[in-house]
Amino acid sequence: QLEAMLNSLINFVKLETAEQKNNLTLQPILPLLQEFAESCKSSGTIFNRNVKTEIQVSPDTQIMLNKELVLRALDNLYSNAQRYTKDKGVIIIKANETESEIKISVEDTGIGINEKDIQFIFDILYRASNSRNEPGYGIGLSVVKAIMDDLHKECGVINHENGVEFYFDLDK
């Protein structure tokens, strides 16, 4: 019953995403990223996390986007970073511009993800083996994946020596 309810939630997100995908507007990406990063820094202070930014995007760069969808994806990635990073740990919000896209990521010094879990990490209800003691339902990353799939964009995860980095790309 719970699985059916969650599948309905994902289908709703997909429908909403498809609907909102038609509401893309050309807008500057830098103010959105800066505003999000500032909000994360405030939240980080409250939860005793050191939030840093590495945003390298031209102020003139405008992209077709739906602000609500991008913020939902970013918020899900940041929420996970905050949940799985210990007190005084570091979370870095990054954005890098290339000729054709903006790569946006959230990196943390949290618990990381076991290699055996990486291929399933975006599946609905999947919880990595080392995260099952933390609160959560395994929905947030599947929502990010659903949003990116509907936008025909990539999202992924990279393990680092001292944590993990989740990313997604947006066309310029």
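Residues numbered from 1 in each chain as written. Predicted model: local features only at pLDDT ≥ 70, side-chain atom pairs only at ≥ 80, totals over all residues. Heavy atoms only, no water.

1. Here's the deal with the overall build of the protein
No. 1: Scanning the protein from terminus to terminus reveals five helices and seven strands.
No. 2: Within the protein, the fraction of its 172 residues that count as buried is 46%.
No. 3: For the protein, long-range pairs separated by at least 24 residues make up 70% of all intrachain contacts whose partners lie at least 6 apart in sequence.
No. 4: Summed over its atoms, the accessible surface of the protein is roughly 9,400 Å², and 48% of this surface lies on carbon and sulfur atoms. (Helix = DSSP H or I, 4+ residues; strand = E, 2+ residues; numbered from the N terminus. Buried < 20%, exposed > 50% of the residue type's maximum accessible area, 1.4 Å probe, protein only. Contact = heavy atoms within 4.5 Å. Areas by Shrake-Rupley, 256 points an atom, 1.4 Å probe, with all protein chains shown as cover.)

2. Thoughts on the environment of Asp-75
No. 1: Topologically, Asp-75 is positioned in helix α3 (residues 67-84).
No. 2: With relative accessibility at 38%, the residue Asp-75 sits in the partly exposed group.
No. 3: Taking the C-alpha atoms as reference points, Asp-75 and Gly-140, separated by 65 residues in sequence, lie 9.1 Å from one another.

3. Quick word on the sheet that holds strand β4 (residues 90-97)
For sheets, the rule is that strands pair by backbone hydrogen bonds, running either parallel or antiparallel.
No. 1: Pairing is mixed in the open sheet, where five strands are placed in the order β2-β4-β5-β7-β6. For this open sheet the edge positions go to β2 (50-56) and β6 (155-160), each flanked by a neighbour on one side alone. For this sheet, the mean angle separating the axes of adjacent strands, direction not counted, is 15 degrees.
No. 2: As defined by bridge partners, β4 adjoins strand β5 (residues 101-108) across seven bridges and the pair is classed as antiparallel. Residue Ile-91 lies in a different strand from β5, and its bridge partner there is Asp-108. (Pairing = 2+ DSSP bridges. Axes fitted to C-alpha atoms, helices over the stretch in contact; angles between N-to-C directions.)

4. Some details on the pattern of salt bridges
A side chain of one charge can pair with a side chain of the opposite charge if their charged atoms are brought near each other.
No. 1: Tallied over the full model, the rule gives nine salt bridges.
No. 2: The shortest N-O distance in the salt bridge between Asp-87 and Arg-49 comes to 3.1 Å. Here Asp-87 is found in the loop between α3 and β4, whereas its partner Arg-49 is found in the loop between α2 (30-46) and β2, with 38 residues between them in sequence.
No. 3: The exposed category is assigned to Asp-87, whose relative accessible area is 54%.
No. 4: Overall, the relative accessible area of 14% leaves Arg-49 in the buried class.
No. 5: Between Glu-165 and Lys-94 there is a salt bridge, with the nearest N and O atoms lying 3.8 Å from each other. Taken together, the residues Glu-165 in strand β7 (residues 163-171) and Lys-94 in strand β4 connect sequence positions 71 residues apart. Just as Glu-165 is buried, Lys-94 falls in that class too. (Salt bridge = Lys/Arg side-chain N within 4 Å of Asp/Glu carboxyl O.)

5. Observations concerning unusual backbone geometry
No. 1: In this model, Asn-48 sits at a positive phi of 60 degrees, which is unusual for a non-glycine residue.
No. 2: Position of Asn-48 among the secondary structure elements: in the loop between α2 and β2.
No. 3: Note on Asn-48: relative accessible area 35%, which makes it partly exposed.
No. 4: Positive phi, close to 70 degrees, is recorded for Lys-88, a residue that is not glycine.
No. 5: Following the sequence through the fold, Lys-88 ends up in the loop between α3 and β4.

6. Quick look at α3
Three- or four-residue spacings in an α-helix give side chains the same orientation, since the helix completes a turn every 3.6 residues.
No. 1: Taking 1.5 Å as the rise per residue, α3 with 18 residues should run 26 Å; its terminal C-alpha atoms sit 26 Å apart, in good agreement.
No. 2: Capping the start of α3 is the job of one residue whose side-chain oxygen sits 3.0 Å from the backbone nitrogen of Glu-68: Asn-66. (Expected span 1.5 Å × (residues − 1). Polar contact = N/O pair within 3.5 Å; in protein donor to acceptor, adjacent residues only side chain to side chain.)

7. Remarks on the packing of α3 against helix α5 (residues 140-150)
Two numbers describe a pair of packed helices, the interaxial angle and the distance between the axes.
No. 1: For the pair α3 and α5, the least separation of the axes is 9 Å and the interaxial angle reads 150 degrees. As the angle between them shows, α3 and α5 are arranged roughly antiparallel. For the crossing formed where α3 meets α5, the hand is left-handed. Along its contact with α3, which presents Leu-69, Arg-72, Ala-73, Asn-76, Leu-77 and Asn-80, the element α5 presents Gly-140, Leu-141, Val-143, Val-144, Ile-147 and Met-148.
No. 2: Considered class by class, the residues forming the contact of α3 with α5 number eight nonpolar, three polar and one charged. (Parallel < 35°, antiparallel > 145°, perpendicular 65-115°, else oblique. Left-handed = near helix turned anticlockwise from the far one by under 90°. Nonpolar A, V, L, I, M, F, W, Y, C, P; charged D, E, K, R; others polar.)

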